[in-house]
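Residues per chain, in single letters:
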Amino acid sequence: MFISINQLNKHFLDKNQHASIVLKDIDLQIEKGEFVSILGPSGCGKSTLLSIVAGLTEATGGEILVDGKEVKKPGKDRGMVFQEAALFPWINVLENVMFPLKKEMSKKQANEQAKTYLKMVQLTNYLDHYPHELSGGMQQRVAIARALAMDPEILLMDEPFGALDEQTRTRLHRQLEDIWIETKKTVLFVTHSISESIKLSDRIIVMGTQPGTVLTDIKIDLPRPRDHHKEEMLKIEDHIMSYLKKEIDKVVSEELNHETNL
Amino acid sequence: MKPIYKRLIFFAILLGIWELGGQIGLWAEIILPPPTKVFTSLYVGITDMTLVYDLIASFRRLIIGLVIALVIGTSIGVLIAKSKTADDTIGSMLLAFQSVPSIVWLPLAIMWFGLNEQAVIFVVILGGTFVMAINVRTGIKNVSPLYIKAAQTMGSSGIDLFIRVIFPASIPHLVTGSRLAWAFAWRALIAGELLTTGPGLGYTLSYASDFGNMSLVIGVMIIIGVIGAFVDQLIFQRIEKSVARRWGL
Ligand SMILES: Nc1ncnc2c1ncn2[C@@H]1O[C@H](COP(=O)(O)OP(=O)(O)O)[C@@H](O)[C@H]1O
Ligand SMILES: [Mg+2]
């Protein structure tokens with residue numbers, strides 16, 4: 001297996017050293033080149049899981065292997081795109097995409113490689129613009145180009161389109177699908193949108209909450225592009241909804257309890 | 001009406017009252033000489049170069065002191081932002097120092113360096129250093145964790161992370177720190193010069209006062225005020241604004 005997540009556990013300690021369990025016994029095997037979505041209600045630990053795979057957060061139990069090697073810290077084999085573009089405002093678009101390339105390449109090489117990926121996200125006309133001059137969708141495309149520029153094996157995406165409007169999101173879905181087909185990256189894509197996950201992924205990992213566990217693992221076999229398969233997509237959506245309904249009810253009743261307790 | 005016109009009219013009226021009040025005898029000329037006299041003495045001072053030499057001397061001290069203050073302040077700021085021990089010790093001392101006007105150091109400085117330029121520069125350095133250090137510390141402490149995480153996933157860590165991400169991300173606070181350091185240094189400079197020897201704007205101010213040359217006193221006050229406002233608004237606030245815009249603040 002390319003990515004192998006075994007018995008992963010994560011808890012956070014609060015002020016009173018009381019452990020709140022966020023991820024419980026997560027087992028997940030992902031093959032090279034797969035597009036896998038992690039779907040679940042907010043607060044179920046999706047971001048935490050992705051952050052552990054990225055090496056930004058430490059697990060409290062279990063292990064993650066990438067290509068047989070245990071993940072201990074961040075590495076250039078795993079590129080990450082966050083919900084906010086997280087571009088550096090003090091450098092322009094081209095320099096942002098060159099950021100991960102500075103050390104191992106000559107300036108000229110880095111420049112060319114960065115341009116290649118900016119072309120892939122169709123932003124070659126904006127090389128010398130600064131992040132604040134771009135729309136949210138454009139910034140997110142730069143962030144994708146930046147993650148891809150270091151040619152990672154794995155692309156980790158944490159609700160990358162969550163803050164964008166519907167039309168921009170649809171456009172970026174298509175672009176991401178094209179990029180994935182072209183680059184054959186392994187993608188771990190976190191989302192709370194059922195339709196987004198069905199549209200994009202080979203597999204959907206549905207997570208439950210409190211604590212975060214894997215509820216089910218659904219293969220999506222529809223041919224791409226999937227816009228022509230609306231009916232099948234709706235069927236899968238209903239199927240996933242049946243799993244998530246209970247979880248969402250759980251969150252809502254928890255919140256209501258919390259409110260009445262105040 | 002544009003603010004610039006309002007401002008012009010306001011100052012014209014002020015000057016008018018100032019001139020007329022003296023002429024109709026509301027106050028004696030020695031108490032408040034009229035603007036015409038003030039501008040005449042300014043004109044004389046500039047054409048005979050005495051005020052120009054004063055300006056050059058003052059600016060020399062200011063720039064030497066300010067540059068040293070910015071360098072030391074930035075270094076201390078980085079140190080206390082990065083080391084908890086340094087923050088708990090040096091950091092608390094900084095806050096105490098910052099609440100004291102730096103001119104109170106002048107008697108000590110005169111003991112150490114003598115009644116000369118070095119004593120003034122020392123006070124200027126103290127004026128700028130602490131506020132710079134405090135702002136650099138704040139800037140570094142407030143770097144968005146998202147930038148740091150993003151950089152880490154791109155293989156940056158340690159010194160590389162500091163130089164390429166943490167430091168540039170805190171530039172808005174560095175600019176604010178520099179602006180405040182300049183303001184404190186400018187005040188410290190004039191205060192220091194008032195009490196030491198010339199040439200220098202502060203020295204000329206006290207010299208003119210000793211000789212009852214009130215029109216020159218007011219003239220120098222105007223120079224000090226205009227330079228202070230000019231540097232603050234036309235240089236620092238502009239930089240601050242454009243940095244804030246680009247950094248998305
Ligand atoms: N650094 C942290 N310290 C304490 N609790 C955290 C921390 N990060 C996340 N959590 C908690 O872990 C849970 C899962 O968070 P997260 O992974 O962000 O969920 P999701 O991305 O699915 O919305 C939440 O209840 C959140 O409050
Ligand atoms: Mg999240």
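Small disclaimer: the values here were computed from a predicted structure and weren't measured.

Caption draft 1: View of the nonpolar core. Within the largest apolar cluster, 85 residues are counted, with the highest numbers of intra-cluster contacts made by A:Phe88, A:Leu118, B:Trp182 and B:Trp186. Excluding anything up to four places from it in sequence, B:Trp186 contacts B:Phe59, B:Leu62, B:Leu201, B:Ile224, B:Ile227 and B:Gly228. Grouped together as the second largest cluster of nonpolar side chains are 31 residues, A:Ile5, A:Leu23, A:Leu28 and A:Ile64 included.

Caption draft 2: Representation of the pairing of strand β3 (residues 35-39) of chain A. Residues and elements named next belong to chain A. Most of β3 is tucked away, with five of its five residues classed as buried. With burial as the criterion, each face of β3 is covered, one bearing Phe35, Ser37 and Leu39 and the other bearing Val36 and Ile38. As judged from the five bridges shared by β3 and strand β8 (residues 186-191), these two strands associate in the parallel manner. Paired with Ile38 across the bridge in β8 is Val190.

Caption draft 3: Looking closely at the packing of helix α4 (residues 84-98) of chain B against helix α6 (residues 117-141) of chain B. All names here are of chain B. With their axes 9 Å apart at the nearest point, α4 and α6 run at an angle of 135° to one another. Judged by the inter-axis angle, α4 sits oblique to α6. Both α4 and α6 take part in a crossing whose hand is left-handed. Residues Asp87, Leu94, Leu95, Phe97 and Gln98 of α4 pack against Phe130, Val131, Ala133, Ile134, Arg137 and Lys141 of α6. Among the residues forming the contact of α4 with α6, the class breakdown is seven nonpolar, one polar and three charged.

Caption draft 4: Highlighting the domain arrangement of chain B. Residues and elements named next belong to chain B. For chain B, the domain assignment lists domain 1 (1-32) and domain 2 (34-246). A separation of 32 Å is found between the C-alpha centroids of domain 1 and domain 2. For domain 1, the biggest contributors to the area lost against domain 2 are Trp18, Glu19 and Glu29; these three give 62% of the whole. Viewed at the interface, domain 2 and domain 1 are joined by one salt bridge. Linking Lys37 and Glu29 is a salt bridge whose minimum nitrogen-to-oxygen distance equals 2.8 Å. Summed over the shared surface of domain 1 and domain 2, the result is two residue pairs in polar contact (both at pLDDT 80 or more).

Criteria and cut-off values
Residues numbered from 1 in each chain as written. Chains lettered and ligands numbered in written order. Predicted model: local features only at pLDDT ≥ 70, side-chain atom pairs only at ≥ 80, totals over all residues. Heavy atoms only, no water. Core = buried A, V, L, I, M, F, W, Y, C linked by side-chain atoms within 4.5 Å. Buried < 20%, exposed > 50% of the residue type's maximum accessible area, 1.4 Å probe, protein only. Contact = heavy atoms within 4.5 Å. Helix = DSSP H or I, 4+ residues; strand = E, 2+ residues; numbered from the N terminus. Pairing = 2+ DSSP bridges. Axes fitted to C-alpha atoms, helices over the stretch in contact; angles between N-to-C directions. Parallel < 35°, antiparallel > 145°, perpendicular 65-115°, else oblique. Left-handed = near helix turned anticlockwise from the far one by under 90°. Nonpolar A, V, L, I, M, F, W, Y, C, P; charged D, E, K, R; others polar. Domains from an automatic or database assignment. Buried area = accessible area lost by both parts, 1.4 Å probe. Salt bridge = Lys/Arg side-chain N within 4 Å of Asp/Glu carboxyl O. Polar contact = N/O pair within 3.5 Å; in protein donor to acceptor, adjacent residues only side chain to side chain.

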